[in-house]
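Structural overview
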Amino acid sequence: KNQVEQSPQSLIILEGKNCTLQCNYTVSPFSNLRWYKQDTGRGPVSLTIMTFSENTKSNGRYTATLDADTKQSSLHITASQLSDSASYICVVSPRPENFGNEKLTFGTGTRLTIIP
Amino acid sequence: DTGVSQDPRHKITKRGQNVTFRCDPISEHNRLYWYRQTLGQGPEFLTYFQNEAQLEKSRLLSDRFSAERPKGSFSTLEIQRTEQGDSAMYLCASSQGTQSVISYEQYFGPGTRLTVT
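The text that follows walks through the structure, step by step, so that each part is easy to find.

Things to note about the overall build of chain B
Counting its regular elements, chain B contains zero helices and 11 strands. For chain B, the C-alpha radius of gyration of 14 Å lies close to 13 Å, the compact-globule estimate for 117 residues. Taking the principal axes of its C-alpha atoms as reference, chain B extends roughly 45 × 30 × 25 Å. Within chain B, the fraction of its 117 residues that count as buried is 48%. By element, 45% of the accessible surface of chain B is carried by carbon and sulfur atoms, the whole surface being about 5,900 Å². In chain B, the 14 positive side-chain charges and the 13 negative ones have mean positions that sit 6 Å from each other.

This is how it looks when you write it as structure tokens:
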């Protein structure tokens, strides 16, 4: 079973509307959680990184929340634009060892489509 | 452009052939990662370098796969005797890791799309 589960698997919304993507994880001990945006055929681009002590972080129209107790995160997109059409991947990192591999665990992503 | 670059962007090869991909990380980054991503899935970890040392390899990395980072800068990933199941996007990422930094940002390259026919 994947340690990072995302929902919904896909989402279609009208341009200008808001949406919220969900991420549940079981990775432990936990260090940080990231949200990446990946356009088709491109590498992922980081949107936000939150450590276990943070519960919200914003990057423009993107706002991520984190509840480390329930192991849940959400990504809220405000006033969606056509360019927001992409996959949004939740990535969890366990507590790192010194100079160790971060061992990122990726979710399978939510495919978001914005229609005019 | 000072980001992570990968070459080639696309590669089509026949089953049984060898292929080699190159990754140039962000210049001051000491860590380099290779991932594989199949359609509809998130990236899966393949291997990790700290400077020139290959410190970890995933079980996904069969004997047909080899990665190098000879001078601690660029890295190559070679796949020998390619199989159709090797068709995927191969992503490279780099980061700057120190003992005092808790969160390390990984910067991804655009990927190399491999198609094995």
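From this point on, the discussion continues.
Let's talk about the nonpolar core
By size, the foremost hydrophobic cluster in this structure holds 23 residues, and its most contacted members are Y25, L33, W35, L75, Y88 and V92 of chain A. At the level of secondary structure, the elements contributing two or more residues to this core comprise β3 (19-25), β4 (30-38), β5 (45-51), β7 (62-67), β8 (72-77), β9 (86-94) and β11 (110-115) of chain A. Not counting chain neighbours up to four residues away, the residues in contact with Y25 of chain A comprise Q3, V4, F30, L33, L66, D67, A68, K71, Q72 and V92 of chain A. Membership of the second largest hydrophobic core comes to 19 residues, among which are L46, F49, A88 and L114 of chain B.

As for the packing of aromatic side chains
Here the structure, examined in full by the defined rule, presents nine aromatic pairs over all chains. Aromatic side chains F21 of chain B and Y90 of chain B sit 5.5 Å apart centroid to centroid with 40° between the ring planes, which places their arrangement in the tilted category. One end of the pair, F21 of chain B, is in strand β3 (residues 19-24); the other, Y90 of chain B, is in strand β9 (residues 88-95), with 69 residues separating them in the sequence. Of the two residues examined, F21 of chain B and Y90 of chain B, each falls in the buried class. Grouped by ring-pair contacts, the aromatic residues Y36 and F106 of chain A together with Y33, Y35, F45, Y48 and F108 of chain B constitute a single cluster. Of note, R61 of chain A hangs over the ring of Y62 of chain A, and the distance from its end group to the ring centre comes to 5.7 Å. Lying over the aromatic face of F74 of chain B, R22 of chain B brings its terminal NZ or CZ to 3.9 Å of the ring centre.

Quick notes on the rules
- Residues numbered from 1 in each chain as written.
- Chains lettered and ligands numbered in written order.
- Predicted model: local features only at pLDDT ≥ 70, side-chain atom pairs only at ≥ 80, totals over all residues.
- Heavy atoms only, no water.
- Helix = DSSP H or I, 4+ residues; strand = E, 2+ residues; numbered from the N terminus.
- Rg over C-alpha atoms; globule rule 2.2 N^0.38 Å.
- Buried < 20%, exposed > 50% of the residue type's maximum accessible area, 1.4 Å probe, protein only.
- Areas by Shrake-Rupley, 256 points an atom, 1.4 Å probe, with all protein chains shown as cover.
- Lys, Arg positive; Asp, Glu negative; His and termini not counted.
- Charge placed at Lys NZ, Arg CZ, Asp CG, Glu CD.
- Core = buried A, V, L, I, M, F, W, Y, C linked by side-chain atoms within 4.5 Å.
- Contact = heavy atoms within 4.5 Å.
- Phe/Tyr/Trp six-rings, centres within 6.5 Å; stacked < 30°, edge-to-face > 60°.
- Lys NZ or Arg CZ within 6 Å of the ring centre and 35° of its normal.

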